[in-house]
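Report on the structure
The lines below spell out each chain.
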Amino acid sequence: MVFLGLAFKSLISRRGSVVLTCLAMTVSIFVILGVEHIRTQAKESFYNTVSGADLIVGARTGSANLLLYSVFRIGSATNNVSWESYSDITADDRVKWAIPISLGDSHKGYRVMGTTLSYFEHYSYGKKRNLKFANGEPFHDLFDVVLGSQVAKNLGYGIGDQITLAHGIGKTSFSMHDDKPFRISGILAPTGTPVDQTLHVSLQGIEAIHLDWQPGSRKSGPEVNSLVKEDLAIKSITAFILGLKSRMTTFEVQREINEFSQEPLLAILPGVALAELWEMINILEGVLQLISYLILFSALLGLAAMLLASMREREQEIKLFRAIGASPGFLFVLIQLEALIICGFSILIGSACLLLCLGATKEKLSANFGLYVEANIFSTNSVLLLSFVVIATVAVASIPSLGAYKQARSVT
Amino acid sequence: MTVNIENLRYAYDKKGNETLLDIPRWNIAKGEKVLLHGPSGGGKSTLLNLISGILRSSEGKLEVMGERLDKMNERERDRFRANNVGYVFQSFNLFPFLNAYENVDLSLYFSQDAKPKGSKQKIENLLSELNLSKSDCAKPIRKLSIGQQQRVAIARSLIKKPGLLIADEPTSSLDEENRNQFMSVLLDLINEQDTTLLFVSHDLSLRPHFNRAEALAGINQGKTN
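Residues numbered from 1 in each chain as written. Chains lettered and ligands numbered in written order. Predicted model: local features only at pLDDT ≥ 70, side-chain atom pairs only at ≥ 80, totals over all residues. Heavy atoms only, no water.

Some words on the overall build of chain A
A count of helical and extended segments in chain A gives 12 helices and 17 strands. Against the 2.2 N^0.38 benchmark of 22 Å for 412 residues, chain A shows a C-alpha radius of gyration of 30 Å, more extended than a compact globule. Summarising its shape, the C-alpha atoms of chain A cover approximately 100 × 45 × 35 Å along the three principal directions. Within chain A, the fraction of its 412 residues that count as buried is 50%. Put simply, 78% of the contacts in chain A that link residues at least 6 apart link residues at least 24 apart. A total accessible area of about 18800 Å² is found for chain A, and carbon and sulfur atoms account for 61% of it. (Helix = DSSP H or I, 4+ residues; strand = E, 2+ residues; numbered from the N terminus. Rg over C-alpha atoms; globule rule 2.2 N^0.38 Å. Buried < 20%, exposed > 50% of the residue type's maximum accessible area, 1.4 Å probe, protein only. Contact = heavy atoms within 4.5 Å. Areas by Shrake-Rupley, 256 points an atom, 1.4 Å probe, with all protein chains shown as cover.)

Next up, the structure:
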């Protein structure tokens, strides 16, 4: 207690430089914890986007591109997959289930995905968690739409509301399918994946809104009331997800699809493609980590410099400590304790600031970047990181501490 | 005998080439008040640091209050000093970030393994005896006058009732009034506690307060600047 009281009072007496050092440390801890937390959460969220799927199939392109547009709704497909190819492949005995995906339209910047009811039955994310409805039910009618949780929340939609889809994927579109409005039949529960940012309609619904469309313009077409779901033939889709009866056949089916004779297709293993894609992001992750460690290093150097600079003005103080019987070891520990108090306060303030910032920006991160970040920053990783900060503080503070120790031994 | 020196040598370098102090024999009896004077750089502060155990002699016998300091390691000398030696400097006698009470209390922290019972009362009584009010004792040191600060320094150095009090030019920065007041308070407490006093000063007008006055040059055969 004497040590702690002395260290506290000594720091308070030099509060100007101490506050500045504490601020520098706080910023560095905020950055290092923030980068680590967002990195971990982004990785977790990334790997949790799709699970339980054995293969993702699309027109031949790069595996990253196929994964990006089919799962993350980022970018566009190079070509479509014909319905015949889809039917042939999914008719195989080894296929347990299939989810067709048709992309190309949007609503106020959110991607619209055409699919079938098997999507709600078989699509899973995280640790094989299936999609659940927060409200309503799947699309049964031609112009029914099921919203992802973020779409409904951010646009303030409810069951029964009518919305209009836009042609293309731009945030602002001048080509609206306003003659064929959709009715919201269901809203999905939050998943923390791109599903939350997607509007889901039936494949026939997608076909229906494009019946009167030629490339680039709209021509007169049939009235909404005259369209029957069953009469609309699907010509092509963008991609499809496959679930196989046996994992053992995955590579076999993948090879057969990649060598499919009717059209050039690509089948990818979602886990492998996710890992490959993350490897590409890994460089940025490494750079961010390096920058945060450099910020911490400079803050620690600032702490050491502040304590070292104070040694000159504390020469008399050290002499007095020695005169009243303090050992050089006492002075070593006292300086270390001062550094640790600064470090402790910085950790507290830095963590509190990060918690507040994450709490305030959580919604914006998920809406604008699709990044689902938990506000709770405390994990084994963050505790390890903070332990590293404490150890680094002790190591760096040993420079002024040893200075005080030597000064105490050579008092004349 | 409070201080007993025989053939004491102290050199800054380990080879002993530049001997600063070489004292064949010098003693201070128990309860004696000795004034030591000499030119700056002559080794007065070094001798005080040797007698208090902050520095270790290169050679010879140095006995303080019956304990051989020259045979002790650093930790033992620190403990000895904390328990038996009081120290007053010319300036910076107190920690500026502590108040008067805390400064005196800290001195007790190093003097014993555990603080004696009633130490709080003891500190308050001593500070009150030195004309320091409770409100003054709670003030930051910088808010006290120089005279008050020197009185707190006396309390800090005498609270543990040391056998030896070392004063290193404590009056040189004081005006005549404060100097007289300081000497009066210090000597009253010294006499009351039967403490031996080794007082270093250039001011020979203080001579009447002491049993004897000695020039360092008279006892030191070592090389001086």
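Looking at the domain arrangement of chain A
Residue and element names in this part refer to chain A. One can read the domain layout of chain A as domain 1 (2–46 + 278–409) and domain 2 (55–268). Placing a centre on the C-alpha atoms of domain 1 and another on those of domain 2 gives a separation of 49 Å. Listed as interface residues are 8 residues of domain 1 and, on the opposing side, 10 residues of domain 2. In this structure, the connection of domain 1 to domain 2 is made through 0 salt bridges. (Domains from an automatic or database assignment. Salt bridge = Lys/Arg side-chain N within 4 Å of Asp/Glu carboxyl O.)

Some thoughts on the environment of A:Leu33
All names here are of chain A. When you line up the elements, Leu 33 lands in helix H2 (residues 15–47). Distance from Leu 33 to Ser 351, taken between C-alpha atoms, is 7.6 Å for residues 318 residues apart in sequence. With residues near it in sequence (within four places) discarded, Leu 33 still touches Ser 351, Leu 354, Ile 377, Ser 382, Leu 385 and Leu 386.

Topic: the interface of chain A and chain B
Interface size is commonly expressed as the accessible surface area that is lost when the partners come together. Chain A puts 22 residues into the contact, and the matching count from chain B is 23 residues. Both faces considered, chain A and chain B share a buried interface measuring about 2200 Å² in area, 68% of it formed by carbon and sulfur atoms. Three residues, A:Leu320, A:Arg322 and A:Ile324, lead the burial of chain A against chain B; their summed loss comes to 29% of the area buried on that side. Where chain A packs against chain B, one counts 4 salt bridges. B:Glu74 is the partner of A:Arg322 in a salt bridge, and the nearest nitrogen-oxygen pair spans 3.4 Å. Seen at the junction of chain A and chain B, the total is 5 residue pairs in polar contact (both at pLDDT 80 or more). For the side of chain A that touches chain B, the secondary-structure elements that each account for two or more residues are helix H1 (2–13), helix H10 (315–323) and helix H11 (328–369) of chain A. Top contributing element to the side of chain A that touches chain B by residue count: H10(A), with 7 residues. When the residues that make up the side of chain A that touches chain B are grouped by side-chain class, the tally is 11 nonpolar, 6 polar and 5 charged. (Buried area = accessible area lost by both parts, 1.4 Å probe. Polar contact = N/O pair within 3.5 Å; in protein donor to acceptor, adjacent residues only side chain to side chain. Nonpolar A, V, L, I, M, F, W, Y, C, P; charged D, E, K, R; others polar.)

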